[in-house]
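Read off the chains here:
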Amino acid sequence: MEERPLRSSFGAAATAYAEHRPDYAQAAVRWALEPAPGPRVLDLGAGTGKLSATLVELGADVVAVEPDPAMLTELRRALPAVRALPGSAESIPLPAASVDAVLAGNALHWFDMAVAGAEIARVLAPGGILAGLWNVMDDRIDWVAALERVSGSAAIGPRDTLSRWRAATADMFVARAGLDARFGASEQVEFPHGQRRTADSLVATLATRAGMLVMAEEERDVTLGRIRAFLRSRPETAHGEFTLPMLTGVLRVR
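Structure report, in brief. (Residues numbered from 1 in each chain as written. Predicted model: local features only at pLDDT ≥ 70, side-chain atom pairs only at ≥ 80, totals over all residues. Heavy atoms only, no water.)

1. What to know about the environment of alanine 36
In step 1: Mapped onto the fold, alanine 36 is located in the loop between helix H3 (26-33) and strand S1 (40-44).
In step 2: Separated by 37 residues in sequence, alanine 36 and threonine 73 have C-alpha atoms that sit 29 Å apart.
In step 3: Excluding residues within four positions of it along the chain, alanine 36 makes contact with Asp100, Ala101 and Ile129. (Helix = DSSP H or I, 4+ residues; strand = E, 2+ residues; numbered from the N terminus. Contact = heavy atoms within 4.5 Å.)

2. A short note on unusual backbone geometry
In step 1: Although it is not a glycine, alanine 97 adopts a positive phi angle of roughly 55°.
In step 2: Phi at asparagine 106 takes a positive value of approximately 50°, unusual for a residue other than glycine.
In step 3: Tracing the backbone shows asparagine 106 in the loop between strand S4 (99-105) and helix H6 (113-123).
In step 4: Look at asparagine 106 and you get buried, because its relative accessible area is 14%. (Buried < 20%, exposed > 50% of the residue type's maximum accessible area, 1.4 Å probe, protein only.)

3. A few points about the sheet that holds strand S3 (residues 83-86)
In step 1: Read across the sheet, 7 strands follow the order S3-S2-S1-S4-S5-S7-S6 without closing on themselves; strand pairing throughout is mixed. Where the open sheet ends on each side, the last strands, each with one partner, are S3 and strand S6 (187-197). Neighbour to neighbour, the strand axes of the sheet diverge by 25° on average, direction disregarded.
In step 2: With 11 bridges joining them, S6 and strand S7 (residues 242-253) adopt antiparallel strand pairing. By the bridge assignment for S7, glutamate 190 is matched with glycine 249.
In step 3: Its contacts with the sheet put H6 on S1, S4 and strand S5 (124-137), and the angle it makes with S5 is roughly 130°. (Pairing = 2+ DSSP bridges. Axes fitted to C-alpha atoms, helices over the stretch in contact; angles between N-to-C directions.)

4. Overview of the packing of aromatic side chains
The relation between two aromatic rings is expressed through the spacing of the ring centres and the mutual angle of the planes.
In step 1: This structure, assessed with the given rule, holds 3 aromatic pairs.
In step 2: For the ring pair tryptophan 31 and phenylalanine 191, a centre distance of 6.1 Å and an interplane angle of 50° mean the geometry is tilted. In this pair, tryptophan 31 is assigned in helix H3 and phenylalanine 191 in strand S6, connecting sequence segments 160 residues apart. Neither tryptophan 31 nor phenylalanine 191 differs from the other in exposure class; each is buried.
In step 3: With a centroid separation of 5.7 Å and an interplanar angle of 35°, the aromatic rings of tryptophan 134 and tryptophan 165 are classed as tilted. Taken together, the positions of tryptophan 134 in strand S5 and tryptophan 165 in helix H8 (residues 162-169) put the pair 31 residues apart, joining distant regions of the chain.
In step 4: Exposure remark for tryptophan 134: the relative accessible area of 0% places this residue in the buried category.
In step 5: Directly above the ring of tryptophan 31 sits arginine 252, whose terminal nitrogen or CZ lies 3.6 Å from the centroid. (Phe/Tyr/Trp six-rings, centres within 6.5 Å; stacked < 30°, edge-to-face > 60°. Lys NZ or Arg CZ within 6 Å of the ring centre and 35° of its normal.)

5. What about helix H9 (residues 199-206)?
In step 1: The element H9 is extensively covered by neighbouring structure, given that 6 of its 8 residues are classed as buried.
In step 2: Listing the buried residues of H9 in full gives Ala199, Ser201, Leu202, Val203, Thr205 and Leu206.

6. Remarks on the side chain of threonine 54
In step 1: Here threonine 54 is to be found in helix H4 (residues 50-57).
In step 2: Not counting residues within four places of it along the chain, the set of residues in contact with threonine 54 comprises Asp23, Tyr24, Gln26 and Val29.

7. With respect to the packing of H9 against helix H11 (residues 217-233)
In step 1: It is at 9 Å that the axes of H9 and H11 come closest, and there the two elements cross at 150°. The interaxial crossing formed by H9 with H11 has right-handed handedness. Touching Ala199, Asp200, Leu202, Val203 and Leu206 of H9 are Leu224, Ile227, Arg228, Leu231 and Arg232, all from H11.
In step 2: For the contact of H9 with H11, the per-class residue count stands at 7 nonpolar, no polar and 3 charged. (Left-handed = near helix turned anticlockwise from the far one by under 90°. Nonpolar A, V, L, I, M, F, W, Y, C, P; charged D, E, K, R; others polar.)

Quick look at the structure:
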């Protein structure tokens, strides 16, 4: 699949994304912001505002930038007090040195860092930080590892599990992005997290993944049916609500 169709697939599912995608572990967001020289934070590729909401809870001065109009509408509806602007990582609608931190929640892998790297550096104040956050499933748990096998890579990809997210994200701040001259070495840390789900709501969550959104309808229905049948067959997930074991992984450069 091409990256652009994947990248632009979320708008059609903005309402489902807002309802079913998890928030981010507060401890992870706190650690991401720890070295920032001030409270001004840009949530870049903000989607429906999942990360922005956590930033607000932590007292940050948040501005959100999101390219998709449907996602931006959901963000403004959920967080009317947050300044939310149309824009992208490659063209950030903010002045130079106007934020102390740039955070991206499950979005950094969509950025063209060869272009976005310079833009991010432009809007950051001296001493600012850049961090990407990903919610990953804890595949050290047997049933979660089995779910990954049943679901396939369109629903649970390499950035979606603890065992693989570090390798899948480690090179995002590489020399070709021009970040090496502006930032120090990157750090990767995971923080415990979880989301209350039912079998049906977890299926709905996985249906918002980019690979699922661009799938042919018949293939998507078959895949989601297979996932639903698996969840209903497992004692951990078959009877009402359960906690999906997760972690929030953070990739940070100062």
